[in-house]
Amino acid sequence: MSTQDVLHRYLFDNMHARGELVQLEKTYQDIIANHNYPEGVKALLGEMLSATCLLTATLKFEGEITVQIQGDGPVSYLAINGDDQQNMRGVAKLAQQTNAFGLKDLIGKGTMVITIRPKSGEPYQGIVALEKDTLADCLANYFETSDQIPTSVWLFTDMSTQKVAGALVQLLPDSDDKEQQLSDYNHLCQLTQTIKEEEIFSLEAEELLYRLYHQEEVRIFEPQNVNFQCSCSEDKVLTAISQLGQEEIKDILAEQGEIATSCDFCLTTYRFTEDHFADYFSDKKH
């Protein structure tokens, strides 16, 4: 299996912790393609992509997840949307052009909103202020405040090759020995902290995990491919536009001859003429 665009989950058999590793290339490149984002925005969106993959893998659910960041800085909004099959898409919106790098300089004062929409059951939303200096630390803070489970996250970007990656270690509260759980977790965090950027972008996951944890018993689960996939479609866009109402749509068509709109995520442009709405409004009459 390719080094890139794969998510690995693993357990430490004799220790109270679990881990994840994600390495992304084509998925990330597809998300930023044609958007002309500044380099700093590309890097932060890449961190968000890796973070969302890791976050999705910690959840035992079927459905969708959206991670949003909003702030008062040069970048007003970023979002990564994905599902349990690791189909991902993302977008950034700028309030002004910027050459800044880093979470604080790009976002300013802001919040991270994580929305989980399971296929069955009620949606859940968690909100955390971006009080830490890095996205990785903000995500760890989210776990601490929402799940109250010690979790550490490492995020990597390489803008020269347009690759991103991430790793996660999480305590498993699977025994009454709290002290041992924390000791195991801290030990594995110290090992994971030694990951070098050139390693995570060049090594196969199994080789990297062996270098990190060769003295531990690691059980690696079946890896999962990560892909870019936009969920937009002509039918979805047509339905959304139809909410404007028959009269307003007729006015726009009379003035412009068509209604054109582009998907924020994949930049696909959809064009609709009067014929596209004929069946929709005909159905409304009955």
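An account of the accompanying structure is given in this report. Remember, predicted model here, so these are calculated numbers, not experimental data.

Conventions we followed
Residues numbered from 1 in each chain as written. Predicted model: local features only at pLDDT ≥ 70, side-chain atom pairs only at ≥ 80, totals over all residues. Heavy atoms only, no water. Helix = DSSP H or I, 4+ residues; strand = E, 2+ residues; numbered from the N terminus. Buried < 20%, exposed > 50% of the residue type's maximum accessible area, 1.4 Å probe, protein only. Contact = heavy atoms within 4.5 Å. Lys, Arg positive; Asp, Glu negative; His and termini not counted. Charge placed at Lys NZ, Arg CZ, Asp CG, Glu CD. Phe/Tyr/Trp six-rings, centres within 6.5 Å; stacked < 30°, edge-to-face > 60°. Core = buried A, V, L, I, M, F, W, Y, C linked by side-chain atoms within 4.5 Å. Salt bridge = Lys/Arg side-chain N within 4 Å of Asp/Glu carboxyl O. Patch = residues over 30% accessible without salt bridge, like charges linked within 9 Å, V, L, I, M, F, W, Y side chains within 5 Å. Areas by Shrake-Rupley, 256 points an atom, 1.4 Å probe, with all protein chains shown as cover. Pairing = 2+ DSSP bridges. Axes fitted to C-alpha atoms, helices over the stretch in contact; angles between N-to-C directions. Disulfide = S-S within 2.5 Å.

### Comments concerning the overall build of the protein chain
Consideration 1: A count of helices and strands for the protein chain gives 10 helices and 14 strands.
Consideration 2: Here the C-alpha coordinates of the protein chain stretch approximately 70 × 45 × 40 Å along the principal axes.
Consideration 3: Relative to its full complement of 286 residues, the protein chain shows a buried share of 48%.
Consideration 4: A fraction of 62% describes how many contacts in the protein chain between residues 6 or more apart in sequence connect residues 24 or more apart.
Consideration 5: Mean positive and mean negative side-chain charge positions of the protein chain (22 and 46 charges, respectively) differ by 3 Å.

### Some points on the packing of aromatic side chains
Consideration 1: Taken as a whole and judged by the stated rule, the model has 4 aromatic pairs.
Consideration 2: Pairwise contacts between aromatic rings join Tyr10, Phe12 and Tyr213 into one cluster.

### Comments concerning unusual backbone geometry
Consideration 1: Phi at Asn34 takes a positive value of approximately 70 degrees, unusual for a residue other than glycine.
Consideration 2: Turning to its location among the elements, Asn34 is positioned in the loop between helix H1 (26-32) and helix H2 (39-57).
Consideration 3: One non-glycine residue, Gln86, adopts positive backbone phi at about 65 degrees.

### Remarks on the nonpolar core
Consideration 1: Ranked by size, the top nonpolar core spans 53 residues in total, and within it Leu49, Ile69, Leu78, Ile107, Met112 and Ile114 carry the most contacts.
Consideration 2: Excluding its chain neighbours within four sequence positions, the residues that come into contact with Ile107 are Leu44, Ile69, Gln70, Gly71, Asp72, Gly73, Val75, Leu78 and Leu130.
Consideration 3: Counting residues in each nonpolar core, the second largest holds 23 residues, with Phe12, Ala17, Ala205 and Leu209 among its members.

### Focus on the pattern of salt bridges
Consideration 1: Following the criterion strictly, the structure yields 8 salt bridges and no others.
Consideration 2: In this structure, the salt-bridge partner of Lys26 is Asp30, at a minimum N-O distance of 2.8 Å. With a gap of 4 residues between them, Lys26 and Asp30 both fall in helix H1, about one helical turn apart.
Consideration 3: Across the pair Glu39 and Lys42 runs a salt bridge, and its minimum N-O distance is 3.3 Å. On the criterion of helical spacing, the pair formed by Glu39 and Lys42 is a turn pair, its members being 3 residues apart in helix H2.
Consideration 4: Relative accessible area serves as the criterion here: at 36%, Glu39 is assigned to the partly exposed category.
Consideration 5: Here Lys42 falls in the buried class, since its relative accessible area comes to 14%.

### Regarding a negative patch on the surface
Consideration 1: Judged by side-chain charge, Glu247, Glu248, Asp251 and Glu255 come together as a negatively charged surface patch.
Consideration 2: Its place among the elements puts Glu247 in helix H9 (residues 246-256).

### Notes on the sheet that holds strand E6 (residues 110-118)
Consideration 1: The sheet built from 6 strands is open, its strands ordered E7-E6-E3-E4-E5-E12 with mixed pairing. Pairing within the sheet leaves two strands with one partner each, and these edge strands are strand E7 (124-129) and strand E12 (227-228).
Consideration 2: Here 9 bridges tie strand E3 (residues 63-71) to E6, and the two strands are oriented antiparallel to one another. Paired with Gly63 across the bridge in E6 is Pro118.
Consideration 3: In this fold H2 packs onto E3, strand E4 (75-83), strand E5 (87-94) and E6, with an angle of close to 35 degrees to the strand it touches most, E4.
Consideration 4: Helix H4 (residues 135-146) rests against E3, E6 and E7 of the sheet, and its axis sits at about 125 degrees to E7.

### Section: the pairing of strand E13 (residues 259-262)
Consideration 1: Relative to strand E14 (residues 269-272), E13 is paired through 4 bridges, and the arrangement is antiparallel. Note that in E14 the partner of Ile259 across the bridge is Phe272.
Consideration 2: If you look at the hairpin formed by E13 and E14, you'll find 6 residues sitting between the two strands, and Leu267 has a positive phi there, around 70 degrees.

### Some thoughts on the state of the cysteines
Consideration 1: Scanning the entire structure with this criterion turns up 0 disulfides.
Consideration 2: With no disulfide of its own, Cys53 lies closest to Cys230 among cysteine sulfurs, the gap being 16 Å.
Consideration 3: No disulfide involves Cys232; its nearest neighbouring cysteine sulfur is the one of Cys266, lying 3.6 Å away.

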